[in-house]
Structure formats: structure tokens, C-alpha cells
Amino acid sequence: MSRYLPSRAYEWPTLILLLATYILWGCITYYTSILGPLLTIVCLAPIITLHSSLQHETLHIIEPKSKLLGQALVFPAIGLFVPYIRFRDTHLAHHKNELLTDPYDDPESYYLTKEVWQTLPRWLQLILTFNNTLIGRVTIGPLVGQIAFMYQDAKEILKGNNNILTAWLLHFISVAFILFGLTVFTSVAMTTYIMACYCGLSILKIRTYLEHRAHENTSDRSVIIEDKGILALLFLNNNYHAAHHAHPQVPWYNLPAFFNENRGKFLTRNKGYFYPNYKTILTRYMFKAKEPVAHPIWNLENRNDR
């Protein structure tokens, strides 16, 4: 196990990839007049996805060594939509494995309790059911997720949560700098850039779509997707998700080898919640909901009993 943990004073593989990401982002936005709107979106979207994955990697690997450095490296809001500090706080809360998929206490859960589900108007139930298909998750998923995320944060801010308010204010400042820089130094249209950011989130939704399932046992809730293609690179091997949740301190470049060495253990622990690649997932769930939106286990009774 120890040989898979970070052994360098500085995380050079992550730092080099982060630098390359910013350089590519700068080049694509600078040369957008040559690329044109469509090609700019096609080129920018995966870069924005990769930056999101690097934010995730940084909070687990670099921030524990240097919080200030880690946050500074990935704070620029090139993806526009999600404040890094809010992502950081909610994602660390998500890593309480015993709460995975809990509609109340897992901030990254896509489930609702049956009681809440039954109170929703039919049109909203249809939207959320469509959002549980893969085509729905990559088309309307970023919008559905953003609305829900901002709605919950707005409620907390109105209750007086100044930490969340500060996170959003800092995010707006970062977004303002990004948009100012794009306006002054590039010719990229704001509609083109916003669409690229949306598409970047859409790609990211492919990763999060099957990461977790509802299950009584904590160890059975996280997936292994043994993909080694372009999506695995953009997701920084976070498709080995059961391995990541068991040992989040293992860096992205060691995750495949770490999983392979412990393959039998992980697949036994998660009861074979496994897919060989993303092509299998695309084929199986493109137009089929992976699970109901109403959580089959958690409800108000569960909530009151804890």
C-alpha cells in the first residue's frame, strides 16, 4: 500500500498536468478566431473537464500538504459554474462513506426520499427521471445539478451561513477576472465560452453517473469502471471509484496499478459493482434510467432514527 502513496515533496505529475491544462486553455481561447466557435467548444470542453478532475485531485493530494498552495493552484474559475471552495467542502463531506447516496447527508447524492418524491409535481418527476438516464444526465444534468446546488446554498446563506456566502463571493471575483481576461486578451464570444463550460460539465456527468448506487452495505455502493481510454484520462482514473473511496490519498497516476494489485479484494467488497468500460455504460443506460430517483432505502424514518 505505502508504495502507491505520494512519495515526492512536490506532486510533479499533477503539477505538470495542471500547467499543461492552463497552457492549453490559454492557447485555445487565444486562437478561437482561427478555430471558430464549434471547434473552440470541442477543444475547450475536455480541458474544462480535466481542470475539474485536477481540482478533485488537488484537494485530496496537495491540500493535505499545503492548503494555501493547493487552493491557489486550482482556484481560477475557468469552468465558471462551481465555486472551488464549495466543491471542496461538499466533496469532503461526500467522502463519509457510511453516508454515500443518503439524500440528506451526502451532498453529491442524486436520490430523493420517497416522501419528498411523492410531493413533487408530475412534470418535475419526469425531468428527474429523464435525468437518471445517461442522455438526460449529459444534456440537462448540468442545469438540473446547478439549480439544485445553488438553491440549497441560497437557503443556507439566507439562514446566515457566512462561510457559504464568502465562498460564492470569492467565486464571483474569480469569474469576473476570467471573463475580463477573455474579453481583453481573446476574441472568444461569451456564448461560445459558456457553452464550452456546459459541455465540460456534461462530460464530467458521465463519470458521476454510475459512481454510486443505493445499497444497504457501505462497501457495495462505489463502482469500478475498468476503462483506460480518453475518458479515464479526463477523469484522472477516478473511474476506479471504489479504490478511490477506500484510499483517497492514492494519487491518480497510481490508482490503476493499486486497483490491479487488489482487484479481487475490491470486486469482492463491492459485490461486483463493475463495468469493463464506458462503452458498456453508454450502450446499457443511454436511454434507460439506472435507478429510480426515490431512494429505495433512506426515508424520513431512517433520518429520525439517527
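In what follows, the structure referred to is the one given above.
The text that follows walks through the structure, step by step, so that each part is easy to find. (Residues numbered from 1 in each chain as written. Predicted model: local features only at pLDDT ≥ 70, side-chain atom pairs only at ≥ 80, totals over all residues. Heavy atoms only, no water.)

Quick notes on a nonpolar patch on the surface
At step 1: Together, Tyr-10, Trp-12 and Ile-16 line one region of the surface with nonpolar side chains, adding up to about 380 Å² of accessible area.
At step 2: Within the fold, Trp-12 resides in helix H1 (residues 12–30). (Patch = residues over 30% accessible without salt bridge, like charges linked within 9 Å, V, L, I, M, F, W, Y side chains within 5 Å. Areas by Shrake-Rupley, 256 points an atom, 1.4 Å probe, with all protein chains shown as cover. Salt bridge = Lys/Arg side-chain N within 4 Å of Asp/Glu carboxyl O. Helix = DSSP H or I, 4+ residues; strand = E, 2+ residues; numbered from the N terminus.)

Concerning the packing of aromatic side chains
At step 1: Inspection of every chain in the model, using the stated rule, returns 12 aromatic pairs.
At step 2: Centre to centre, the rings of Trp-168 and Phe-172 are 5.7 Å apart; their planes meet at 45 degrees, and the pair counts as tilted. Here Trp-168 and its partner Phe-172 are both found in helix H10 (residues 162–185), four residues apart, which amounts to about one turn of the helix.
At step 3: For Phe-172, a relative accessible area of 48% gives the class partly exposed.
At step 4: One aromatic cluster is present, built from ring pairs that chain together Tyr-209, Tyr-273, Tyr-275 and Tyr-285.
At step 5: Of note, Arg-137 hangs over the ring of Tyr-110, and the distance from its end group to the ring centre comes to 3.8 Å.
At step 6: The aromatic ring of Phe-266 is capped on one face by Lys-265, whose charged end is 5.3 Å from the ring centroid. (Phe/Tyr/Trp six-rings, centres within 6.5 Å; stacked < 30°, edge-to-face > 60°. Buried < 20%, exposed > 50% of the residue type's maximum accessible area, 1.4 Å probe, protein only. Lys NZ or Arg CZ within 6 Å of the ring centre and 35° of its normal.)

Details of the nonpolar core
At step 1: The biggest cluster of nonpolar side chains holds 28 residues, and the ones touching the most others in it are Leu-210, Phe-235, Tyr-275, Tyr-278, Ile-281 and Tyr-285.
At step 2: Where this core is concerned, the elements lending two or more residues are H1, helix H3 (37–61), helix H5 (84–94), helix H11 (190–209), helix H12 (230–234) and helix H16 (278–285).
At step 3: Aside from chain neighbours lying at most four places away, what touches Phe-235 is Thr-49, Ser-53, Ile-203, Leu-204, Ile-206, Arg-207 and Tyr-278.
At step 4: The next biggest cluster of nonpolar side chains, apart from the first, holds 16 residues, and it includes Leu-44, Ala-77, Val-175 and Tyr-193. (Core = buried A, V, L, I, M, F, W, Y, C linked by side-chain atoms within 4.5 Å. Contact = heavy atoms within 4.5 Å.)

A few points about empty space enclosed by the protein
At step 1: Scanning all chains against the criterion turns up one cavity of 30 Å³ or more.
At step 2: Approximately 50 Å³ is the volume found for the largest cavity.
At step 3: As for the largest cavity, its lining consists of Ser-53, His-56, Glu-57, Phe-235, Leu-236, Asn-238, His-244, Val-250, Pro-251, Trp-252 and Leu-255.
At step 4: A per-element tally of the lining of the largest cavity places H3 first, with three residues.
At step 5: Taken together, the residues that form the lining of the largest cavity break down as six nonpolar, four polar and one charged. (1 Å grid on protein atoms, 1.4 Å probe; cavity = no way out; pocket = protein on both sides within 12 Å on 5 of 7 lines; lining within 4 Å. Points joined across faces, edges and corners; volume = space filled by probe spheres on them. Nonpolar A, V, L, I, M, F, W, Y, C, P; charged D, E, K, R; others polar.)

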